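# Architecture and fold: a report
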Amino acid sequence: MLPSLQESLDGDDKELESSEEGGGGNGSAEDRRPERPPSSHFCLYAYHGSRSATQRGDSDDGSPSSLTLEAPSAADFSLSLVDTNLPSEAEPELRSAIAKRLSKGAVFEGLGNVTSVELRLPDSRVGCYYCLFQQDKPLLETAISESIPDSSEYIVCFLGGSEKGLELFRLELDKYIQGLKTNVDSEEGSLETHNKSYLSNWFEEAICPIQRVVHLFQEKLTFLLHAALSYTPVEVQESDEKTKRDINGFLSVASLQGLIHEGTMTSLCMAMTEEPHKSVVINCSGPQPQFSNAGSNRFCEDWMQAFLNATEGGNPFLFRQILENFKLKAIQDTNNLKRFIRQAEMNHYALFKCSLFLKNCGSGDILLKIVKVEHEEMPEAKSVILALEEFMKEEGAAQAS
C-alpha cells in the first residue's frame with residue numbers, strides 16, 4: 001500500500017470518521033446503508049429585508065461577475081419559517097444562528113456557506129450548509145399564500161454531519177440548490193409536495209452518490225478510478241437514471257480536471273477520445289456491473305482497497321475525503337515526474353531516477369501520457385519521454401511473460 005494512502009486513512013480521514021459518528025458510523029448494518037440517516041435535516045426560511053446590491057467588475061475571462069448582496073444589519077431583515085423537519089425546540093436556535101451569520105458578511109445568491117451550529121439535537125453540534133435562493137414562483141404555495149406574501153428570497157439550510165464533512169460537498173450542494181430552482185420552474189402538479197420531498201432528500205441525493213458507487217462496484221471500482229484518472233470516456237449502458245447519474249458524478253469528482261493545466265486536460269481528453277476502442281463500457285443489466293475495455297494499475301488497486309476498507313464505517317463523508325486524497329496523490333506524482341524529466345534533460349542519472357519512479361509509483365502508464373501531452377511543444381523533453389516510453393513497454397512485456 002502506498003505510504004501516502006496509509007497517511008490519508010490515519011490522518012484527515014480518521015478525523016472525519018470521528019466527527020461523523022453521530023451520523024450512523026457506529027450503528028447496525030441496517031443503519032449503514034447509503035441512505036439519508038435520521039440526523040440529517042432541512043430548513044427553509046423566507047427572507048424579508050432590503051439590501052443594497054452592487055455589481056462587481058468583470059471576471060478574468062471577461063464575463064460579468066455575480067451580484068453581491070451586501071449584508072444587512074439584524075434590524076434590516078427577518079427570517080420566516082416556511083418548512084422544516086427539525087424538532088420544534090431546535091428550529092428557533094437554528095434561526096438565531098443563521099441570522100447572526102447573515103448579519104456579519106456578504107451574501108452571494110446561489111453560493112452556499114458551511115458552518116457549525118449548536119442545536120438541541122442528539123448530535124448537539126452539527127454541520128450546517130446555508131444558501132440564499134431567489135425564486136419568483138413560491139417554493140411552497142400554501143405556506144406562502146397564507147402567511148408569507150410576496151416572498152421571492154429564501155434561505156435554505158441543510159444540517160447533517162460536521163462542518164468539515166459538509167465543506168467537502170459544498171459544490172454539490174450548490175448544484176442541488178440550483179436543481180430546486182429548475183424543478184420549481186418546470187414542475188406541474190403538486191408543487192408543495194414535490195419540493196418538500198426534494199428538500200428532505202438532500203442527503204441521499206447530494207452526499208451519498210459516492211458511497212453508493214463504492215457499494216455497487218466493490219473490487220471493480222479500480223476500473224472506474226483508472227478511467228477517471230486517465231480521462232478515458234465512459235459509456236454506461238442498461239442502467240436506470242439514478243445509477244447513471246451516480247457513476248457520472250463519481251467520474252467527475254474523481255477526475256483531475258481543475259487540478260492540472262486546462263490545456264493539458266483538454267489535449268489529454270482529445271487524445272484519449274481519438275484512440276480507437278478506448279471508451280470504457282459499463283453494462284448494468286445484471287446484478288453486478290460488467291466492464292469492457294477497462295484498464296487498471298497498482299495505484300488504482302491500492303486506492304480501491306482503501307475505499308473498501310472504509311465501507312464498514314458507513315460514513316459517506318469519509319469516501320469523499322479518500323477520493324480527494326486520491327487526486328492529490330496523483331497530482332503529487334505527476335509533478336514529481338515532471339521535475340525528474342526536467343533534470344533528465346541534462347543528467348543521465350536523472351533519467352534512471354525517472355524510470356525507477358515510473359516503475360514504483362504504480363501509475364506510470366497514466367502519468368507518462370499526461371506529461372507527454374504537456375511536453376508536446378518542448379523538443380528538449382521529447383527524447384526523455386521517448387526513452388521512458390520504451391522503458392515502460394519493456395516493463396510491460398517483462399510482466400506479461
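Reference entry: report on the structure contained in this document.

Rules and cut-offs
Residues numbered from 1 in each chain as written. Predicted model: local features only at pLDDT ≥ 70, side-chain atom pairs only at ≥ 80, totals over all residues. Heavy atoms only, no water. Axes fitted to C-alpha atoms, helices over the stretch in contact; angles between N-to-C directions. Helix = DSSP H or I, 4+ residues; strand = E, 2+ residues; numbered from the N terminus. Parallel < 35°, antiparallel > 145°, perpendicular 65-115°, else oblique. Contact = heavy atoms within 4.5 Å. Nonpolar A, V, L, I, M, F, W, Y, C, P; charged D, E, K, R; others polar. Core = buried A, V, L, I, M, F, W, Y, C linked by side-chain atoms within 4.5 Å. Buried < 20%, exposed > 50% of the residue type's maximum accessible area, 1.4 Å probe, protein only. Polar contact = N/O pair within 3.5 Å; in protein donor to acceptor, adjacent residues only side chain to side chain. Salt bridge = Lys/Arg side-chain N within 4 Å of Asp/Glu carboxyl O.

With that out of the way, let us pick up the packing of helix 9 (residues 209-217) against helix 11 (residues 241-254). At a minimum axis separation of 9 Å, helix 9 and helix 11 run at an interaxial angle of 105 degrees. Accordingly, the angle class assigned to the pair helix 9 and helix 11 is roughly perpendicular. Contacts from Pro 209, Ile 210, Arg 212, Val 213, Leu 216 and Phe 217 in helix 9 reach Lys 242, Thr 243, Asp 246, Ile 247, Phe 250 and Val 253 in helix 11. A breakdown of the residues in the contact of helix 9 with helix 11 according to their chemical character gives 8 nonpolar, 1 polar and 3 charged.

Before going further, it helps to spend a moment on the nonpolar core. Judged by nonpolar contacts, the single largest core of 64 residues is most densely connected at Phe 158, Trp 202, Leu 221, Leu 224, Leu 225, Phe 250 and Leu 323. Those residues in contact with Leu 225, other than ones at most four positions away along the chain, are Phe 250, Cys 300, Trp 303, Met 304, Phe 307, Leu 323 and Phe 326. If you look at the next biggest cluster of nonpolar residues, it comprises 21 residues, including Tyr 45, Phe 77, Val 117 and Leu 159.

Take the side chain of Ser 230 next. Structurally, Ser 230 can be placed in helix 10 (residues 221-230). For Ser 230, a relative accessible area of 4% puts it in the buried group. Within the local environment of Ser 230, its side chain forms a polar contact with the backbone oxygen of Ala 227, the two atoms lying 3.5 Å apart.

So, about the pattern of salt bridges. Scanning the model with the defined rule gives 13 salt bridges in all. Lys 242 is paired through a salt bridge with Glu 205; the nearest N and O atoms lie 4.0 Å apart. In this pair, Lys 242 is assigned in helix 11 and Glu 205 in helix 8 (residues 202-207), connecting sequence segments 37 residues apart. You can call Lys 242 partly exposed: its relative accessible area is 29%. According to the relative accessible area criterion, Glu 205 is partly exposed, its value standing at 27%. A salt bridge links Asp 246 to Arg 212; the nearest nitrogen and oxygen atoms lie 2.8 Å apart. One end of the pair, Asp 246, is in helix 11; the other, Arg 212, is in helix 9, and 34 residues separate them in sequence.

Bear in mind that shape data such as this cannot, by itself, settle questions of function.
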